[in-house]
Amino acid sequence: MILENVVSDARLHSAALWDIELEDGCVQSIRPSEASPDTPPQLLLPPLCHPHVHIDKAYILTCNNRASPQRPAYSDLCPTSGSFQEALANTSRAKERYTMDDLYLRGSQLLATSYTQGVTAMRAFVELDHVTGTLPLRAAIRLKKDFAHLLELQICAFAQDPICSTAHGDRNMAVIEDALAEFAGSIEALGTTPYVETSREASLSNIRWAVTSALKHRLHLDFHLDYTLEIPSYLPSQRPLTYSVVEILEGYRWAQMADSAKTIVLGHCTQLSMLNDVERRALAEVIIASKLPIHFVGLPTSDIYMMGRPGSHSEASHSRPRGTIHVPSMIGDLGLSACLGINNVGNAFTPFGTGDPLEMASWAVGIYQVGTVKDAELLYECVSNRARRAIGLDGFAQCGLIHKGQNLRGMLLLRNQRVVELPGVRGQSNMTVPSRQRLSLKDAIWDPPDINSRSIVR
């Protein structure tokens, strides 16, 4: 296999162009390009990664199923208010309709779309509770097997609903505990949502159960945390739960007792955006000093849709905070590990978007107001290698000079088009307009290519 006219270093706008001969994905030879001057250049980049995606809830609102016993319709569950509580309620109703055929179809559509976008790894959340039982998990296990030649699917057994309070809490916990035992070889991570419990003490019990269970089963740990924009209290009993997670992890000596390859992911954490700079830096220092393998995952598409909505009596209804953690600042200013994820696509929590990590990274330029070339390079890391490391996977080679012997299998190839062809005046030939050429990594972030211009090196 020969890759023609490849940019030698995607970090450099004026990098040299090379022809690369591959055998089984490894570079056998590399030489200055002999392609004709009008041959478009190509970019080689690390593949994309979903560190946080709910595979069982994908496309509930956009699957457009015609109701049948195998594939239920969900069109009656479209948002009317768009609130978080409505999303929870409508999703609970949707879960009552799940079938294996439906879950497998929507999941396979997410995996197929993700792969064409350049994704080769993901952490997929599946909800297990008294309504779903283990059906979403069993569907995910099938998907993991069927798509294993294309991407690495890491399954997270997830408690969206309470497990330490409410009438169904005990049953919800039992379903997950049974699944952790029965499907031990297929589950890589355990996730919970402590903030949905009915009291602070129940939330803390949720966290303790998750920590001890993850240690027992040697799993990665993944919390949905602090999904609110309430001003944090100074009282220890009312602080964001992120503080409690760190304290409980230290109390159970995670750093000493857990497998060193297992990570801890904290998703959403939108309330941390309401801390002042001194408080935020103090929290970062505590996390760094703990030596816990904590990674934050910002989920801006869902967070911006859900957070910052004005109250019914607001007199400033157009004043809406972004309501999402500032991932670039957490990395650059605070020294924390962080990345970006899409969370949901096509459901009540995030009814819009394509789920494309590269598109999301492009939106992040405006969301976070980070517009330098270095910012673009960091944002790409946040949807590629930093995302992989968050879920405990090795990163691919960073962008840099390509060399003989390097393994490029699994890398993302971005192809430029030579021209855009348009219909001409009637009776005349088509118009052609020279295409913009993406020559460096920043171009991929500021102007993401169409998925038809992306492929994974095999």
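Whatever comes next refers back to the structure up there.
Attention here is on the structure that accompanies the text. Here the structure is a predicted model, which means the values were calculated and not measured.

## Focus: the pairing of strand β10 (residues 264–268)
Next up, step 1: With five of its five residues buried, β10 lies for the most part within the structure.
Next up, step 2: Pairing of strand β9 (residues 220–225) with β10 involves five bridges; the strand directions are parallel. Across the sheet, residue Asp222 finds its bridge partner in β10, namely Val265.
Next up, step 3: Relative to strand β11 (residues 294–298), β10 runs parallel, the two sharing four bridges. In the sheet register, Gly267 faces β11, and the bridge partner there is Val297.
Next up, step 4: Once you follow β10 into helix α8 (residues 277–290) and on to β11, the crossover reads as right-handed.

## A closer look at the environment of Val420
Next up, step 1: Inspection of the secondary structure assignment puts Val420 in strand β14 (residues 419–422).
Next up, step 2: Measuring from C-alpha to C-alpha, the distance between Val420 and Gly405 comes to 36 Å, with 15 residues separating the pair along the chain.
Next up, step 3: Discounting residues that sit within four places of it in the chain, Val420 has contacts with Met431, Thr432, Val433 and Ser435.

## Describing unusual backbone geometry
Next up, step 1: Positive phi is not limited to glycine here, since Tyr59 has a value of about 65°.
Next up, step 2: Checked against the element boundaries, Tyr59 lands in the loop between β5 (48–54) and α1 (84–95).
Next up, step 3: What makes Tyr59 buried here is its relative accessible area of 11%.
Next up, step 4: Phi is positive for Arg253, close to 55°, though the residue is something other than glycine.
Next up, step 5: Turning to its location among the elements, Arg253 is positioned in the loop between α6 (241–251) and α7 (254–257).

## Side note on α8
Next up, step 1: Between its first and last C-alpha atoms α8 spans 20 Å; for 14 residues at 1.5 Å apiece the expected length is 20 Å, and the two agree.
Next up, step 2: Among the residues making up α8, those that are buried are Glu279, Leu283, Ala284, Ile287 and Ser290. Projected down its long axis, α8 shows its buried positions confined to an angular sector of 135°, all on one face. Opposite its buried face, α8 presents the exposed residues Asp277, Val278, Glu285 and Ala289, each directed more than 90 degrees away.
Next up, step 3: Positive backbone phi, at 60°, marks Lys291, one or two positions downstream of α8.

## Observations regarding the pairing of strand β6 (residues 119–127)
If a strand is regular, its side chains alternate between the two faces of the sheet.
Next up, step 1: Across the nine residues that make up β6, a large majority, nine, are buried.
Next up, step 2: Taken together, the five bridges between β5 and β6 define a ladder with parallel strand orientation. Looking across to β6, one finds that Val53 is bridged to Ala124.
Next up, step 3: Relative to strand β7 (residues 152–159), β6 runs parallel, the two being bridged by seven bridges. Note that in β7 the partner of Met122 across the bridge is Leu153.
Next up, step 4: With helix α3 (residues 135–146) bridging β6 and the parallel β7, this β-α-β connection has right-handed handedness.

## A look at a nonpolar patch on the surface
Next up, step 1: Together, Val420, Leu422, Met431 and Val433 make up an exposed nonpolar region whose accessible area comes to about 310 Å².
Next up, step 2: Elements with a contribution of two residues or more to the nonpolar patch: β14 and β15 (431–434).

## Comments concerning the packing of aromatic side chains
Next up, step 1: A full pass over the atoms with the stated rule returns seven aromatic pairs.
Next up, step 2: With a centroid separation of 6.1 Å and 45° between ring planes, the pair formed by Tyr195 and Tyr227 is classed as tilted. With Tyr195 in the loop between β8 (189–192) and α5 (200–217) and Tyr227 in the loop between β9 and α6, this residue pair connects regions lying 32 residues apart in the sequence.
Next up, step 3: Aromatic rings pair up to connect Phe84, Tyr195, Tyr227 and Phe349 into one cluster.
Next up, step 4: Sitting over the ring of Tyr104, Arg142 keeps its end group 4.0 Å from the ring centre.
Next up, step 5: One cation-aromatic arrangement involves Arg309 over Tyr305; the distance from NZ or CZ to the ring centre is 4.8 Å.

The rules behind these values
- Sequence order sets the numbering: in each chain, residues are counted from 1 along the sequence as written.
- Restriction of local features to residues with pLDDT of at least 70 applies here, the model being predicted, together with a cutoff of 80 or more for giving and counting side-chain atom pairs; totals for whole chains, interfaces and linings are based on all residues.
- Hydrogens and waters are ignored; side-chain quantities use all the structure's heavy atoms.
- Exposed residues in this analysis have more than 50% of their type's maximum accessible area, buried residues have under 20%, and partly exposed residues fall in between, with area computed by a 1.4 Å probe over protein chains only.
- Runs of E in the DSSP output that reach at least two residues are strands. Runs of H or I that reach at least four are helices, and both are numbered from the N terminus.
- The rule for pairing is simple: two strands pair if DSSP sees at least two bridges between them.
- We call a crossover right-handed when, viewed with the strands running away from us, the connection from the first strand over the helix to the second turns clockwise.
- In what follows, a contact means two residues having at least one pair of non-hydrogen atoms within 4.5 Å.
- Expected helix span is computed as 1.5 Å times (number of residues minus one).
- What the arc covers is the set of directions going from the helix axis to the C-beta atoms.
- Patch construction takes residues with relative accessible area above 30% that form no salt bridge. Like charges are linked within 9 Å, and nonpolar side chains (Val, Leu, Ile, Met, Phe, Trp, Tyr) are linked within 5 Å.
- Every accessible area reported is derived by Shrake-Rupley at a probe size of 1.4 Å, with residue values counting cover from the shown protein chains alone.
- Salt bridge, as used here: a side-chain nitrogen of Lys or Arg that lies within 4 Å of a carboxyl oxygen of Asp or Glu.
- For Phe, Tyr and Trp, rings pair up if their centres lie within 6.5 Å, where Trp contributes its six-membered ring, and each pair is then called stacked (planes under 30 degrees apart), edge-to-face (over 60) or tilted (otherwise).
- Here, over-ring charges are defined by two tests on the NZ atom of lysine or the CZ atom of arginine: distance to the ring centre within 6 Å, and angle to the ring normal within 35 degrees.

Nothing here speaks to function; it is all geometry.
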